[in-house]
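So you can see what is in the structure, the chains are spelled out below.
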Amino acid sequence: SGLVEGGELDISIFRKDGKLFFRVSDTGVGVADKSKLLEKGVGLSNTQIRLQKMYQTGLQFNDNQPKGLTVQFAL
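Criteria and cut-off values
- Residues numbered from 1 in each chain as written.
- Predicted model: local features only at pLDDT ≥ 70, side-chain atom pairs only at ≥ 80, totals over all residues.
- Heavy atoms only, no water.
- Pairing = 2+ DSSP bridges.
- Helix = DSSP H or I, 4+ residues; strand = E, 2+ residues; numbered from the N terminus.
- Patch = residues over 30% accessible without salt bridge, like charges linked within 9 Å, V, L, I, M, F, W, Y side chains within 5 Å.
- Areas by Shrake-Rupley, 256 points an atom, 1.4 Å probe, with all protein chains shown as cover.
- Salt bridge = Lys/Arg side-chain N within 4 Å of Asp/Glu carboxyl O.
- Buried < 20%, exposed > 50% of the residue type's maximum accessible area, 1.4 Å probe, protein only.
- Expected span 1.5 Å × (residues − 1).
- Arc of directions from axis to C-beta.
- Phe/Tyr/Trp six-rings, centres within 6.5 Å; stacked < 30°, edge-to-face > 60°.

A. Structural view of the pairing of strand β3 (residues 60–63). Note: β3 against strand β4 (residues 69–74), four bridges, orientation antiparallel. Bridge pairing in β4 places Gln60 opposite Gln72. Taken together, β3 and the strand that follows it, β4, pair antiparallel across an intervening segment of five residues, in which Gly68 is found at a positive phi of about 110 degrees.

Take a look at the structure:
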């Protein structure tokens, strides 16, 4: 959702304990019910299915501080 004052996007990729971690965070309005994110569109649900089938992992959704959303997964 667009913000009048704009926002920021942060993309981090790092290695820890032999895994590669991906984290995408924004400073947008956030999401009140993260459990329904995969029901809203095709992009996130397709990504979740592919991660599960190919790497036996999935997306994690968390609140970004002080506002926004963080999506992360590890391979």
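B. Representation of a nonpolar patch on the surface. On the surface, Leu9, Ile11, Ile13, Leu20, Val24, Met54, Tyr55 and Leu75 cluster together into a nonpolar patch covering about 770 Å² of accessible area. Those elements that provide at least two residues to the nonpolar patch are β1 (9–16), β2 (19–26) and α1 (43–55). Among the elements that take part in the nonpolar patch, β1 stands out by supplying three residues, more than any other. Residue classification places Leu9 among the exposed positions, given a relative accessible area of 62%.

C. Just α1, in detail. An ideal rise of 1.5 Å per residue puts 18 Å on 13 residues; α1 measures up with 18 Å between its terminal C-alpha atoms. Along α1, the residues that are buried comprise Ser45, Gln48 and Leu51. The buried residues of α1 all sit within an arc of 130 degrees when viewed along its axis, so they share a single face. Within α1, the exposed residues directed more than 90 degrees away from the buried face are Arg50, Lys53 and Met54.

D. Focus on the packing of aromatic side chains. Under the criterion given, the structure shown has two aromatic pairs. Measuring from centroid to centroid gives 4.8 Å for Phe22 and Phe73, while their planes differ by 10 degrees, and the two rings are stacked. With Phe22 in strand β2 and Phe73 in strand β4, this residue pair connects regions lying 51 residues apart in the sequence. On the basis of relative accessibility, which here comes to 21%, the residue Phe73 falls in the partly exposed class.

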